[in-house]
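For reference, the chains in residue letters:
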Amino acid sequence: MIVILKKTAERQQVELFENWLRSMGLELHKSVGENHTIIGLVGDTSRVDMESILALDIVETVKRIQEPYKNANRKFHEEDTVITLANGAQIGGGRFLVMAGPCSVETEEQIISVAQSVKAAGAQVLRGGAFKPRTSPYAFQGLHEEGIRLLLKAREATGLPIVTEIMDAKHLPLFEDIDMIQVGARNMQNFELLKELGKLRKPVLIKRGMANTLQELLMSAEYVMAGGNEQVILCERGIRTFETATRNTMDLSVIPVLHQLTHLPVVVDPSHATGRWELVAPMALAATASGADGLMIEVHNDPEHALCDGPQSLRPDRFAGMMEKVWAIQPYADRSFSSAVAFS
Ligand code: PEP
Ligand code: MN
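Described in the following lines is the structure provided in the data block.

Definitions and cut-offs
- Residues numbered from 1 in each chain as written.
- Chains lettered and ligands numbered in written order.
- Predicted model: local features only at pLDDT ≥ 70, side-chain atom pairs only at ≥ 80, totals over all residues.
- Heavy atoms only, no water.
- Salt bridge = Lys/Arg side-chain N within 4 Å of Asp/Glu carboxyl O.
- Helix = DSSP H or I, 4+ residues; strand = E, 2+ residues; numbered from the N terminus.
- Buried < 20%, exposed > 50% of the residue type's maximum accessible area, 1.4 Å probe, protein only.
- Donors = N, O, S within 2.8 Å, 3.2 Å for Na, K, Ca; no water.
- 1 Å grid on protein atoms, 1.4 Å probe; cavity = no way out; pocket = protein on both sides within 12 Å on 5 of 7 lines; lining within 4 Å.
- Points joined across faces, edges and corners; volume = space filled by probe spheres on them.
- Nonpolar A, V, L, I, M, F, W, Y, C, P; charged D, E, K, R; others polar.
- Near = heavy atom within 4 Å.
- Polar contact = N/O pair within 3.5 Å; in protein donor to acceptor, adjacent residues only side chain to side chain.
- Areas by Shrake-Rupley, 256 points an atom, 1.4 Å probe, with all protein chains shown as cover.
- Sits in = over half its atoms within 2 Å of the grid points.
- Pairing = 2+ DSSP bridges.
- Axes fitted to C-alpha atoms, helices over the stretch in contact; angles between N-to-C directions.
- Contact = heavy atoms within 4.5 Å.
- Parallel < 35°, antiparallel > 145°, perpendicular 65-115°, else oblique.
- Left-handed = near helix turned anticlockwise from the far one by under 90°.
- Core = buried A, V, L, I, M, F, W, Y, C linked by side-chain atoms within 4.5 Å.

Before going further, it helps to spend a moment on the pattern of salt bridges. Opposite charge on two side chains permits pairing when their charged atoms draw close. If you walk through the whole model with that rule in mind, you get 20 salt bridges. One salt bridge connects K153 with E108, and the closest N-O pair in it is separated by 3.3 Å. Residue K153 is located in helix 4 (residues 145-158), and its partner E108 is located in helix 3 (residues 108-120); the two are separated by 45 residues in the primary sequence. For K153, a relative accessible area of 33% translates into the label partly exposed.

Take a look at the structure:
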C-alpha cells in the first residue's frame, strides 16, 4: 500500500500517523520529495482500512498494490488447494470433480433416479436444491427440511456426497450431515452467512454473484477462510450483461485468471450460465479445456415437468453423452495457470 501525503502535512501529525502504522506491525519506506511525501507500507496490509487513511487530513491519496485478500491469495499459498470428500473424490490441483443433479429436489423417486443416472455417467457429487432462491415469491421454493432428508436418502442409495444451497444461517442445523454447502449467486455477499460458514470445517462452494467482480468473489472466499475454514471452492455461473440470447453470459476467461490469483479450486456451472440445455455441453467442454477444476450441471429425469430450471436441465442420457467428451478432453486441459507453472 502506498500513501501520498499532502504538501501541507505537519510534521507532528505525520509522526503520529507513522507510529499508528508501525503499531499495526507494518514497516514504512519513506520518500520525501519536493512536493509530496510518499510512504510505502510493507507487511500484511489486508487489515488496513484504506478509507480511514484517506479520511485523514494529511493524506492526499492512498493506493493498494497488494490484493486485500490474504488467505485466498496464491502469493501466500503457492500450491493448489485440494479438497477431499467422503467418497474419496477430490477437487483441485488437477483433480476434476463433476457435481450433477436437479435444480431442486422434488420427490424421492426423482432424486434417487437422477442420482443413480449421474453416478452411472461418472458424476462424483449429487447436487439438488432444498432451499430455492426464486425471483417470485409465488414460485416453488423447495421442499426445505424434507428436501434435505431426501438428499441424504439419495446419498445412502448411491454413496454420492451431497452439495446443496443454504440461504439463511438459521438453517445451519439442517445442514449438519451435508457434505458441501453451496452459497448461491444471490447470497455471495451475505457476509453474516459467510462468517457462520467460516466456523465450519467442511467444503463451501461459493457462486459468483451475477454482478460481482472476481475481487469481490475472492473477498467472499476470504470471509469463510478468515474464520478458519479453508475448504472453499469458487464457481463461475454466468454474469448479467446486455446480452439476452442466453440467461447469463458465461465469463470463461475467469478460469485462468482465478488460477493466477488464487490456489482455490474453480468450477463452472454452464447450466445457469446459459439457461438453455443445448448450450450446456459445449460450454462444459470449453470450461474443461480452459482448466476448470470441475463442473456443476443440472440434470433432470423429466425436464419438461421440472419445478425449477427445466429449460436448462439435461436429460440423463444427454448428460452421459456430455460426460464421455468431458473425460476425453480433461487430460488435455490447459492448466498452465495452476500452481505447476504460475510460480516457476
Ligand atoms: C442453483 O444452483 O440452483 C442456483 C440457484 O444457482 P445460482 O445461485 O448460480 O443462481
Ligand atoms: Mn437452478
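Let's shift gears to the coordination of the manganese ion (ligand 2). For the manganese ion (ligand 2), the full set of protein donor atoms is C103 (SG), H272 (NE2), E298 (OE) and D309 (OD), and the range of their distances to it is 2.0 to 2.4 Å. One chain supplies every donor to the manganese ion (ligand 2), and in sequence these donors are spaced C-x168-H-x25-E-x10-D. Here C103 is found in the loop between strand 7 (97-101) and helix 3, whereas its partner E298 is found in strand 14 (residues 294-298), with 195 residues between them in sequence. Take C103: its relative accessible area is 1%, and that puts it in the buried class.

A few words now on the layout of surface pockets. Of the volumes computed, that of the largest pocket is approximately 600 Å³. Together, 22 residues line the largest pocket, and S46, R47, P68, M219 and E222 are the ones closest to its centre. The set of elements that each furnish at least two residues to the lining of the largest pocket consists of helix 2 (50-54) and helix 6 (214-226). When residues of the lining of the largest pocket are assigned to their parent elements, the largest contribution, six residues, is made by helix 6. Residues that form the lining of the largest pocket fall into these classes: nine nonpolar, five polar and eight charged. Counted as a void, the second largest pocket has a volume near 220 Å³. Lining the second largest pocket are 17 residues, with K132, P133, R186, H272 and D309 positioned closest to its centre.

This next bit is on the site of ligand 1. The environment of ligand 1 is made up of 13 residues, and the closest members are R127, K132, A185, R186 and R237. R127 places a side-chain nitrogen or oxygen 2.7 Å from an oxygen atom of ligand 1. Note that an oxygen atom of ligand 1 is positioned 3.3 Å from one of the side-chain N or O atoms of H272. When the free accessible area of ligand 1 is taken as 300 Å², the share hidden by the protein chains comes to 97%. Taking a 2 Å distance to the grid points as the criterion, the majority of the atoms of ligand 1 fall inside the second largest pocket. For the shell around ligand 1, the class distribution of residues is three nonpolar, three polar and seven charged.

This part takes up the sheet that holds strand 4 (residues 59-63). Read across the open sheet, the four strands follow the order 2-3-1-4; overall the sheet is antiparallel. Two strands in the sheet have a free side with no partner beyond their single neighbour: strand 2 (27-32) and strand 4. Each strand axis lies, on average, 20° off the axis of its neighbour in the sheet, ignoring direction. Note: strand 1 (residues 2-5) against strand 4, four bridges, orientation antiparallel. Residue I4 lies in a different strand from strand 4, and its bridge partner there is T61. The strands touched by helix 1 (residues 11-23) within the sheet are strand 1, strand 2, strand 3 (37-42) and strand 4, with strand 2 carrying the most contacts at an inclination of about 150°.

Once that is clear, we can look at the packing of helix 3 against helix 4. At a closest axis distance of 9 Å, the pairing of helix 3 and helix 4 adopts a crossing angle of 40°. One element, helix 3, and the other, helix 4, form an angle in the oblique class. Two packed elements cross with a definite hand, and for helix 3 against helix 4 that hand is right-handed. Counted together, E108, I111, I112, A115, Q116 and K119 of helix 3 and L150, L151, K153, A154, A157 and T158 of helix 4 form the full contact between these two elements.

This paragraph deals with the packing of helix 5 (residues 191-198) against helix 6. As a packed pair, helix 5 and helix 6 sit with axes 6 Å apart at the nearest point and diverge in direction by 40°. Taken together, the axis directions place helix 5 and helix 6 in an arrangement best described as oblique. In this structure, helix 5 uses F191, L194, K195, L197 and G198 to contact helix 6, whose residues at the interface are S220, Y223 and V224.

As for its position among the elements, L126 is in strand 8 (residues 125-127). Assessed through its relative accessible area of 0%, L126 is described here as buried. Placed 203 residues apart in sequence, L126 and I329 show a C-alpha to C-alpha distance of 22 Å. Look past the residues within four positions of L126 in its chain and what remains in contact with it is A100, G101, I111, A115, V118, L151, A154, L160, P161, I162 and V163.

Let us now look at the nonpolar core. With 63 residues, the main nonpolar core has I206, I297, F319 and M322 as its most contacted residues. Those residues in contact with I297, other than ones at most four positions away along the chain, are M99, A100, G101, R127, P270, S271, V280, A284, L314, F319 and M322. In terms of nonpolar packing, the next biggest core, distinct from the first, is built from 15 residues, V14, F17, I53 and V62 among them.

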